[in-house]
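Architecture at a glance
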Amino acid sequence: MARQLIIRGIWIFVSNTACAHACRYCSTGRKRHDAIPFSRLAGVVERFAAWRETNGRPDFGIEFGIGHCYDYDVKTLGQLFALRDRISGRRTDRSLSLGGLRLRSVPEMRDWLQERRDDAGVDRIHASLAGYGAGHDRWNGRVGDFDFLMRTMQSGAELGLRLTQRLFVVNSTLPTLDTLAAALDRLDGCSDRQYSLFYY
């Protein structure tokens, strides 16, 4: 029997930034990145938005991104937020994910966050954690990543940013979930925490 297929949206993704992780659970695979101008992505996104309006499909979702991580300049981040606002017709979320950023010292990371808060309006940062300490590092393929995320969240809280986290739940993370949650509870500014099975 034939079935009707209804497409409710599209996700447009340009791999313009390299990810510093080598996550065991990630489906992205390829580590090299492209040099596609932001204007080209914006043009494609705006064409889909025009199609949506012409065809009377206000419910058609258009999502887009420009890298496996947010390790790009603040001007590009501002352009991304502005495009999201234009496409959605409202002010959208001003958040960024900490996953895949290159390691920086505490002062460097604080300056990096402050610039994005002041110049692009970032008000929330997000961290995905696969266990506590060395367990998380193993999943993400980088020694020191857990400590880096914890220090960065602390710096973000001190700058007045809201913190959100996703905690991955698998057999190897279960024994440390309570310890991890307790460590995160000690940070100021936590506004939301999700427990999630791997969905890749």
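In short, a report on the structure. (Residues numbered from 1 in each chain as written. Predicted model: local features only at pLDDT ≥ 70, side-chain atom pairs only at ≥ 80, totals over all residues. Heavy atoms only, no water.)

A few points about the environment of Asp85
Note the cut-off: Helix numbers and strand numbers start at the N terminus; a helix is a DSSP run of H or I with at least 4 residues, a strand a run of E with at least 2. Burial here depends on accessible area, computed with a 1.4 Å probe over protein chains only, as a share of the maximum for the residue type. Under 20% is buried, over 50% is exposed, and the range in between is partly exposed. Residues count as neighbours in contact if any of their non-hydrogen atoms are within 4.5 Å of one another.
Checked against the element boundaries, Asp85 lands in helix α2 (residues 74-88). Classification of Asp85 by relative accessible area gives buried; the value is 17%. Aside from chain neighbours lying at most four places away, what touches Asp85 is Arg90, Arg91, Thr92 and Arg94.

Considerations on the pattern of salt bridges
The criterion, for reference: For salt bridges, the criterion is a side-chain nitrogen of Lys or Arg within 4 Å of an Asp or Glu carboxyl oxygen.
Tallied over the entire structure, the rule returns 11 salt bridges. Where Arg110 meets Glu158, a salt bridge forms, and the shortest distance between an N and an O atom there is 3.0 Å. Of this pair, Arg110 sits in helix α3 (residues 106-120) while Glu158 sits in helix α5 (residues 145-158), placing them 48 residues apart in sequence. Between Arg116 and Glu115 there is a salt bridge; the shortest N-O distance is 3.1 Å. For Arg116, a relative accessible area of 5% corresponds to the buried category. Taking the relative accessible area as the measure of exposure, Glu115 reaches 34% and is therefore partly exposed.

Considerations on α5
Convention followed: By this rule the span expected of a helix is its residue count minus one, scaled by 1.5 Å.
Counted at 1.5 Å a residue, the expected span for α5 with its 14 residues is 20 Å, and the 20 Å between its end C-alpha atoms agrees. The element α5 is largely enclosed, with a buried count of 10 among its 14 residues. Where α5 is buried, its residues touch α3, β4 (124-129), α4 (134-140), β5 (162-168) and α6 (177-185). Positive phi appears at Gly160, one or two residues downstream of α5, with a value of about 85 degrees.

Here's the deal with the packing of helix α1 (residues 38-54) against α2
For the record, the criterion: Every angle, taken between N-to-C directions, lies between 0 and 180 degrees, and every axis is a line fitted to C-alpha atoms, over only the stretch in contact when it is a helix. The cut-offs work like this: below 35 degrees is roughly parallel, past 145 is roughly antiparallel, 65 to 115 is roughly perpendicular, and the gaps in between are oblique. The residue classification treats Ala, Val, Leu, Ile, Met, Phe, Trp, Tyr, Cys and Pro as nonpolar and Asp, Glu, Lys and Arg as charged. All others, Gly included, are polar.
Put simply, α1 and α2 touch, their axes get as near as 11 Å, and they point 5 degrees apart. Taken together, α1 and α2 sit at an angle that is classed as roughly parallel. Mapping the contact onto sequence places Phe38, Ala42, Val45, Glu46, Ala49 and Arg52 in α1 and Thr76, Gln79, Leu80, Leu83, Arg86 and Ile87 in α2. Here the residues of the contact of α1 with α2 are counted per class, giving 7 nonpolar, 2 polar and 3 charged.

A closer look at the pairing of strand β6 (residues 190-196)
The line we're drawing: Strand pairing follows a simple DSSP-based rule, namely that at least 2 bridges must link the two strands. If you view a crossover with the strands going away from you and the path from the first strand over the helix to the second runs clockwise, you call it right-handed.
The pairing of β5 with β6 spans 6 bridges and is classified as parallel. Each residue of the ladder has a partner; that of Leu163, found in β6, is Cys190. Where the polypeptide runs from β5 across α6 and back to β6, its parallel neighbour, the crossover connection is right-handed.

Regarding the packing of α3 against α5
The line we're drawing: For any pair of crossing helices, the crossing counts as left-handed if the nearer helix is rotated counterclockwise from the farther one by less than a right angle, and right-handed if it is rotated clockwise.
With their axes 10 Å apart at the nearest point, α3 and α5 run at an angle of 50 degrees to one another. In terms of orientation, α3 lies oblique with respect to α5. The two elements α3 and α5 cross, and the hand of that crossing is right-handed. Only Phe148, Arg151, Thr152, Ser155, Gly156 and Glu158 of α5 make contact with α3, whose side of the interface consists of Val106, Met109, Arg110 and Leu113.

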